[in-house]
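Residue-level listing of the chains:
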Amino acid sequence: MDCSRRPRFRSDPRRVLVLAAALAAGSVPGAAADEYAVAVSGSIRVESVTFAQLQQMFRFQKRFWEAGRPIDVVLPATGSESREFLVRRVMRSTDGALHRVLVEKMYRGEMDTAPAEAPSDREALRLLAGSRGAITLVRVGAALEPGTRWLAVDGQKPGDPNYPLRD
Amino acid sequence: MTAFALCAGIAGAAGADALTPQISIHGFSDVTLGLTRDNPPAGPAVNDASFALGQFDLYIVSRLSENLSFLGETVIETDASGATVIDLERAFVKFAWSDAFAVSAGRTHTPLGWWNEAYHHGAMLQPTIARPLALRFEDDGGLLPVHAVGLELSGVAPVGGWEASWVGNVANGRGPIPDEVQAGADLNRHKAVALKLTLERHGDGDLAFGVNGYLDHIPPDLADPARGAEIRERIGGAHARLRFGRGELLAEGFLVRHDDPVSGGTFRHRAGYVVLVAGEGRARPYVGYDRLDAQGGDPFYGAAAADFTAGTAGLRFELHPFDTIKLEFRHEAFEGGHRNGLFAQTAFSF
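For clarity, every value in this text was computed on a predicted model and none was experimentally measured.

### What to know about unusual backbone geometry
Part 1: Phi at arginine 92 of chain A takes a positive value of approximately 55°, unusual for a residue other than glycine.
Part 2: You can see arginine 92 of chain A is positioned in the loop between α3 (81-90) and α4 (95-107).

### Focus: the layout of surface pockets
Gaps between atoms show up when a probe of the same size as a water molecule is rolled over them.
Residue and element names in this part refer to chain B.
Part 1: There is about 1300 Å³ of room inside the second largest pocket.
Part 2: Around the second largest pocket, the lining comprises 39 residues; the ones closest to its centre are Asp30, Ala52, Leu53, Gly54 and Asp140.
Part 3: Breaking the lining of the second largest pocket down by element, the ones donating at least two residues are β1 (22-39), β2 (46-53), β4 (68-78), β5 (84-98), β16 (323-334) and β17 (337-349).
Part 4: Class assignment for the residues of the lining of the second largest pocket results in 13 nonpolar, 12 polar and 14 charged.

### Some words on a nonpolar patch on the surface
Residue and element names in this part refer to chain B.
Part 1: A cluster of nonpolar side chains, namely Val159, Leu199, Leu207, Phe209, Leu242, Phe244, Leu249, Val274, Leu276 and Val287, defines an oily patch on the protein surface of about 730 Å² accessible area.
Part 2: Elements supplying a minimum of two residues to the nonpolar patch: β10 (206-218), β11 (231-244) and β13 (265-278).
Part 3: Checked against the element boundaries, leucine 199 lands in strand β9 (residues 192-202).
Part 4: With relative accessibility at 31%, the residue leucine 199 sits in the partly exposed group.

### Re a negative patch on the surface
Part 1: Taken together, the side chains of Asp139, Asp140, Asp179 and Glu180 of chain B define an acidic patch exposed on the protein surface.
Part 2: Summarising the element assignment, aspartate 139 of chain B is placed in the loop between α2 (115-118) and β7 (147-159).

### Description of the sheet that holds strand β1 (residues 36-41) of chain A
Residue and element names in this part refer to chain A.
Part 1: With mixed pairing, six strands are arranged side by side in an open sheet as β2-β8-β1-β7-β5-β6. Of all strands in the sheet, those with a lone pairing partner are β2 (48-49) and β6 (116-118), marking the two edges.
Part 2: Alignment of strand β5 (residues 72-76) against strand β7 (residues 134-139), held across two bridges, turns out to be parallel. For valine 73, the partnering residue across the bridge sits in β7 and is isoleucine 135.
Part 3: Along the sheet face, helix α2 (residues 51-58) touches β1, β2, β5, β7 and β8 (148-153) and points at about 110° away from the line of β7.

### So, the pairing of β13 of chain B
Residue and element names in this part refer to chain B.
Part 1: Relative to β13, strand β12 (residues 247-260) runs antiparallel, the two sharing 14 bridges. If you follow glycine 247 over to β13, its bridge partner there is alanine 278.
Part 2: Hairpin geometry of β12 and β13 is characterised by an intervening segment of four residues between the two adjacent antiparallel strands and by a positive phi of about 75° at glycine 264.
Part 3: For β13 and strand β14 (residues 283-293), the ladder comprises eight bridges, and the chain directions are antiparallel. Across the sheet, tyrosine 273 pairs through a bridge with aspartate 290, a residue of β14.
Part 4: In sequence, β13 turns back onto β14 through a hairpin of four residues, with glycine 279 there showing a positive phi of about 85°.

### Quick look at the side chain of histidine 258 of chain B
Residues and elements named next belong to chain B.
Part 1: Its place among the elements puts histidine 258 in strand β12.
Part 2: A distance of 2.7 Å separates polar atoms of two side chains, one belonging to histidine 258 and the other to glutamate 233.
Part 3: Dropping the residues within four chain positions of it, histidine 258 is found in contact with Ile218, Ile231, Arg232, Glu233, Gly265, Thr266, Phe267, His269, Asp298, Phe300 and Tyr301.

### Concerning the pairing of β1 of chain B
Residues and elements named next belong to chain B.
Part 1: Pairing geometry for β1 and strand β3 (residues 56-63), over seven bridges, is antiparallel. From the neighbouring strand, phenylalanine 28 faces β3, where its bridge partner is aspartate 57.
Part 2: By the bridge criterion, 12 bridges tie β1 to β17 in an arrangement that is antiparallel. Looking at the pairing, valine 31 lines up with threonine 346 of β17.
Part 3: Pairing of β1 with β2 involves eight bridges; the strand directions are antiparallel. In the sheet register, valine 31 faces β2, and the bridge partner there is leucine 53.
Part 4: Following β1, the chain reverses through six residues before pairing antiparallel with β2; glycine 43 in that reversal takes a positive phi of roughly 95°.

### Notes on the interface of chain A and chain B
Part 1: At the junction of the two partners, chain A supplies 37 residues and chain B supplies 52 residues.
Part 2: When chain A packs against chain B, close to 3500 Å² is buried across both sides, 53% of that on carbon and sulfur atoms.
Part 3: By the criterion of area lost to chain B, the three top residues of chain A are Arg100, Tyr107 and Asp112 of chain A, representing 25% of everything that side buries.
Part 4: Glutamate 66 of chain B is paired through a salt bridge with arginine 132 of chain A; the nearest N and O atoms lie 2.7 Å apart.

### Side note on the pattern of salt bridges
Part 1: Scanning all chains against the criterion turns up 30 salt bridges over all chains.
Part 2: The partner of arginine 339 of chain B in a salt bridge is glutamate 332 of chain B, and the shortest N-O contact between them spans 3.4 Å.
Part 3: Judged by its relative accessible area of 25%, arginine 339 of chain B falls in the partly exposed class.
Part 4: Bridged by salt links that share partners, the residues Glu84, Arg88, Arg89 and Asp167 of chain A form one connected network.

### Quick notes on the packing of aromatic side chains
Part 1: Applying the stated criterion to the full structure yields 10 aromatic pairs over all chains.
Part 2: Measuring from centroid to centroid gives 5.0 Å for tyrosine 107 of chain A and phenylalanine 28 of chain B, while their planes differ by 90°, and the two rings are edge-to-face. Of this pair, tyrosine 107 of chain A sits in helix α4 while phenylalanine 28 of chain B sits in strand β1, which puts the two residues in different chains. Like tyrosine 107 of chain A, the residue phenylalanine 28 of chain B is buried in the burial classification.
Part 3: Relative to tyrosine 59 of chain B, the ring of tyrosine 107 of chain A has its centre 5.1 Å away and its plane inclined at 70°; by these criteria the two rings are edge-to-face. Here tyrosine 107 of chain A is found in helix α4, whereas its partner tyrosine 59 of chain B is found in strand β3 on a different chain. For the residue pair tyrosine 107 of chain A and tyrosine 59 of chain B, the accessibility class agrees, reading buried in each case.
Part 4: Among the aromatic residues, ring-to-ring pairing joins Tyr107 of chain A together with Phe28 and Tyr59 of chain B into one connected group.
Part 5: Stacked on the ring of tyrosine 107 of chain A, the Lys or Arg arginine 90 of chain B has its end atom at 4.6 Å from the ring centre.

Calculation rules
Residues numbered from 1 in each chain as written. Chains lettered and ligands numbered in written order. Predicted model: local features only at pLDDT ≥ 70, side-chain atom pairs only at ≥ 80, totals over all residues. Heavy atoms only, no water. Helix = DSSP H or I, 4+ residues; strand = E, 2+ residues; numbered from the N terminus. 1 Å grid on protein atoms, 1.4 Å probe; cavity = no way out; pocket = protein on both sides within 12 Å on 5 of 7 lines; lining within 4 Å. Points joined across faces, edges and corners; volume = space filled by probe spheres on them. Nonpolar A, V, L, I, M, F, W, Y, C, P; charged D, E, K, R; others polar. Patch = residues over 30% accessible without salt bridge, like charges linked within 9 Å, V, L, I, M, F, W, Y side chains within 5 Å. Areas by Shrake-Rupley, 256 points an atom, 1.4 Å probe, with all protein chains shown as cover. Salt bridge = Lys/Arg side-chain N within 4 Å of Asp/Glu carboxyl O. Buried < 20%, exposed > 50% of the residue type's maximum accessible area, 1.4 Å probe, protein only. Lys, Arg positive; Asp, Glu negative; His and termini not counted. Charge placed at Lys NZ, Arg CZ, Asp CG, Glu CD. Pairing = 2+ DSSP bridges. Contact = heavy atoms within 4.5 Å. Axes fitted to C-alpha atoms, helices over the stretch in contact; angles between N-to-C directions. Polar contact = N/O pair within 3.5 Å; in protein donor to acceptor, adjacent residues only side chain to side chain. Buried area = accessible area lost by both parts, 1.4 Å probe. Phe/Tyr/Trp six-rings, centres within 6.5 Å; stacked < 30°, edge-to-face > 60°. Lys NZ or Arg CZ within 6 Å of the ring centre and 35° of its normal.

This is how it looks when you write it as structure tokens:
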């Protein structure tokens, strides 16, 4: 999968560097309030994924970052804006269908544990901090925890003109 | 469930070895009311109205480490006499190294078509109340060896904009009679081998189609003089699943061939079904067609292999993500007779 390769930024590299520095500090200049960001455990070597790959991860279809390193999805809390956006815009599904998918995946032996469900964006990022391969989706305003970082989607970061995780 | 999922997820996401395996216990069951009118080949029609408690399916999924897991599944059911029967359905340990490679050892579902691995005992998951005839369980007149004890390898890899998934296994295979899955030993040296290849495309809809093959030598049945030698069994199949905004289509077909050296005969049985589920909401109507063209005289199946067709029309309503209500009318035709039935079922997960 492309997501194990080096990032392929389509936007201006200088702008990406500025954004990356800002993101590393936990703030997103130019990011709109209706944007969402993907955060991962800091040890993940992937810098960018395509939107299709992101869908596969949150649909539990793609289960590994690389050989030997499984993807652990941390879901935003039921009823939260992040969860609603994740299910509707990323998974293109419903919360009920998500529950059923989890039952199906566990019954088929494709998942060995239910995903974590974090009560808040902050808690989701805390869970990532202690993980080797976790991923979550939070509102752009959330502050990164040490040991976590942002993941670009289609080479775009929040605030980029073609950033896909915008409501 | 949320609290449990959170605890399990935290430990799982942390990626550290837990002090004990992290176990999730879930299951399926169902209750069905059936109103039927049976018109047998001889004798008067028989009407019946009965409640039926479905299988009590209990499965355990346990994460042993980041890459190692266990799944065990047990079914408790009552037979026609009311006696309780307990069957070990699956028990396997799985080592998953990447999306492209996983290996499982133990008792698994044989990789034959779509339904067998996707739904199996999950009555809530399957689109209809009744299972297609070919995919009924070995102890319920099914045509296929739906369970296997052995080694299974599987994986999925991207191919262009598609995903190619594969499942192959080497197993003991069938016992001397259709009901028997050889779990403790293999009565002959030949191992059953199966391979399923599926091409899938995911997006706003899903498209999957594939083929599967199965080879085995069925050991002789020493209690039956007509079964004094091994029967060579070959099974070929194809499956397709299309899920789109306004519905879902599921279709499978199988050809079973038995070469029997005692009678010198070759017996071919064809089976298949199509199910179309319309709509995308909680209430979804469906229709289905199920058919078996059996060749008489097969010493392995005996009288169990007989021509059969069934037409189904129903409505499934998702009361909750973990509980589905189904109303189904079914007409079944078999050699010399037919049966009509109206069924109502609640099928749930817990």
